[in-house]
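Chain and residue survey
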Amino acid sequence: MNNLRWWLTAAEPRPRYVLLVAVGVTLMMTISYPVWAPGGPVMAALVAMMAVVIAHVSAKLIMAR
C-alpha cells in the first residue's frame, strides 16, 4: 500500500470508485458549508480540492479491503 502509483490511480472497478468519491465529496462539501460559504469562490475551490483528495483516499482504503 506504500506504492505511489497505487495512490495516484483510480481504484477498480471504476464505477464503484466513482460512486464512492462522488458521495464522499458531496458529504464533505455539505459538512464544510459553514467554512467555505462565507469565504466566497476561492475558499469553495480550496475546500473542494481538499474534499476530492480526502474522498479519493477514503475510496481507495475502502476498496482495498
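Per chain, residue numbering runs from 1 following the sequence as it is written. Local features in this predicted model are restricted to residues whose pLDDT is 70 or higher, and side-chain atom pairs enter the listing and the counts only when it is 80 or higher, whereas totals over whole chains, interfaces and linings include all residues. The basis for the side-chain values is all heavy atoms of the structure; hydrogens and waters are excluded.

1. Things to note about the overall build of the chain
Each helix and strand counted, the chain has 4 helices and 0 strands in total. Listing the helices and strands of the chain from first to last along the sequence gives α-α-α-α. Taken over the C-alpha atoms alone, the chain extends approximately 35 × 20 × 15 Å along its principal axes. Burial classification: accessible surface area is computed with a 1.4 Å probe over protein chains only, and a residue below 20% of its type maximum counts as buried, one above 50% as exposed, and the rest as partly exposed. A buried classification covers 25% of the 65 residues belonging to the chain. Note on contacts: a residue pair is in contact if any heavy atoms of the two residues lie within 4.5 Å. Counting only contacts in the chain whose residues sit at least 6 apart along the sequence, the fraction spanning at least 24 positions is 69%. Strands are runs of DSSP state E lasting at least two residues, helices are runs of H or I lasting at least four, and both sets are numbered from the N terminus onward.

2. Some words on the nonpolar core
Working definition of a nonpolar core: buried Ala, Val, Leu, Ile, Met, Phe, Trp, Tyr and Cys residues. They are joined through side-chain atoms within 4.5 Å. Counting residues in hydrophobic clusters, the biggest one holds 12 residues: Ala11, Tyr17, Val21, Val25, Met29, Trp36, Ala44, Val47, Ala51, Ala55, Ala59 and Met63. Those elements that place two or more of their residues in this core are α2 (14-31) and α4 (40-64). Among the elements that take part in this core, α4 stands out by supplying 6 residues, more than any other. Those residues within four positions of Ala59 in sequence are excluded, and the remaining contacts are Tyr17, Leu20 and Val21.

3. Considering the pattern of salt bridges
Salt bridges are defined by distance alone: a side-chain nitrogen of Lys or Arg within 4 Å of a carboxyl oxygen of Asp or Glu. Taken as a whole and judged by the stated rule, the model has 1 salt bridge. The partner of Arg14 in a salt bridge is Glu12, and the shortest N-O contact between them spans 3.2 Å. Residue Glu12 is classed as exposed on the basis of its relative accessible area of 53%.

4. Re a nonpolar patch on the surface
Like-charged residues are merged into a patch within 9 Å and nonpolar side chains (Val, Leu, Ile, Met, Phe, Trp, Tyr) within 5 Å, provided each residue has over 30% relative accessible area and no salt bridge. Exposure was quantified through the Shrake-Rupley algorithm and a 1.4 Å probe, taking into account, for residues, occlusion by the shown protein chains and nothing else. Together, Val35, Val42, Met43, Leu46, Met49, Met50 and Ile54 make up a nonpolar patch on the protein surface, roughly 650 Å² of accessible area in all. Along the chain, the position of Val35 falls in helix α3 (residues 33-36).

5. Here we look at the environment of Leu4
Position of Leu4 relative to the elements: it lies in helix α1 (residues 4-8). Of the residues examined, Leu4 reaches a relative accessible area of 58% and is grouped as exposed.

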